[in-house]
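Report on the structure
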Amino acid sequence: MKKLFILNLGVAMFGDNWCWNSELCHFAMESPLVLGVTVATAALGGRYMIRAWQALKARPSVPRIRRFYEGGFQHSMTRREAALILGVREHAVMEKIKEAHRRVMVANHPDSGGSHYLASKINEAKDVLMGRAKGTGSAF
């Protein structure tokens, strides 16, 4: 174990070596101190990161809800696909179906820059859910 002894004459002994310049002796003593503080900081930071990671993994997983249906249209529209298009349940009441149809059609109407194809699919979805059409295909 190395120790620093300062003598009355301004000469210091560091370990087995004599230091005639006191600045070198202070530098020799500060280096282990800086190294120790750095190691302690890294250890505490690592401990914090491990605890944060464990807390993140322990959180209950919340299912992510998709806002839009991913995929194309089926050849023959089903009640499920019609409900997905209008954003209602398959067995919704007529008022909900009409309200959803109006809301979706306003957003996608061809006169306001929407697609004719999407408008026909929206109308077909309304017909399927209201029971007017029995698996008829789109005009497109």
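Residues numbered from 1 in each chain as written. Predicted model: local features only at pLDDT ≥ 70, side-chain atom pairs only at ≥ 80, totals over all residues. Heavy atoms only, no water.

As annotated in an unreviewed UniProt entry, the protein chain carries the name J domain-containing protein and comes from Vitis rotundifolia. In its Function (unreviewed entry) section, the UniProt record describing the protein chain reads: "Component of the PAM complex, a complex required for the translocation of transit peptide-containing proteins from the inner membrane into the mitochondrial matrix in an ATP-dependent manner." (UniProt positions renumbered as here; feature names shortened; annotations may be inferred.)

**Some words on the nonpolar core**
One finds A82, L86 and L129 to be the most contacted residues of the largest nonpolar core, which totals 14 residues. Taken together, the elements giving at least two residues each to this core come down to helix 2 (79-86), helix 3 (94-108) and helix 4 (116-130). (Core = buried A, V, L, I, M, F, W, Y, C linked by side-chain atoms within 4.5 Å. Buried < 20%, exposed > 50% of the residue type's maximum accessible area, 1.4 Å probe, protein only. Helix = DSSP H or I, 4+ residues; strand = E, 2+ residues; numbered from the N terminus.)

**As for a nonpolar patch on the surface**
Together, F73, Y117 and L118 make up a nonpolar patch on the protein surface, roughly 230 Å² of accessible area in all. You can see L118 is positioned in helix 4. Looking at L118, the relative accessible area reads 32%, which means it is partly exposed. (Patch = residues over 30% accessible without salt bridge, like charges linked within 9 Å, V, L, I, M, F, W, Y side chains within 5 Å. Areas by Shrake-Rupley, 256 points an atom, 1.4 Å probe, with all protein chains shown as cover. Salt bridge = Lys/Arg side-chain N within 4 Å of Asp/Glu carboxyl O.)

**Quick notes on the packing of helix 3 against helix 4**
Two numbers describe how helix 3 lies on helix 4: the axes approach to 10 Å, and their chain directions differ by 180°. In terms of axis orientation, helix 3 runs roughly antiparallel to helix 4. Residues M94, I97, K98, H101, V104, M105 and N108 of helix 3 form the contact with helix 4, whose own contacting residues are L118, A119, I122, N123, K126, L129 and M130. Taken together, the residues of the contact of helix 3 with helix 4 break down into nine nonpolar, three polar and two charged. (Axes fitted to C-alpha atoms, helices over the stretch in contact; angles between N-to-C directions. Parallel < 35°, antiparallel > 145°, perpendicular 65-115°, else oblique. Contact = heavy atoms within 4.5 Å. Nonpolar A, V, L, I, M, F, W, Y, C, P; charged D, E, K, R; others polar.)

**Things to note about the environment of A125**
Within the element layout of this structure, A125 appears in helix 4. Residue A125 is classed as buried on the basis of its relative accessible area of 0%. As a C-alpha pair, A125 and H101 span 24 residues in sequence and 8.4 Å in three-dimensional space. Apart from residues no more than four positions distant in its own chain, A125 is found in contact with M77, A82, I85 and L86.

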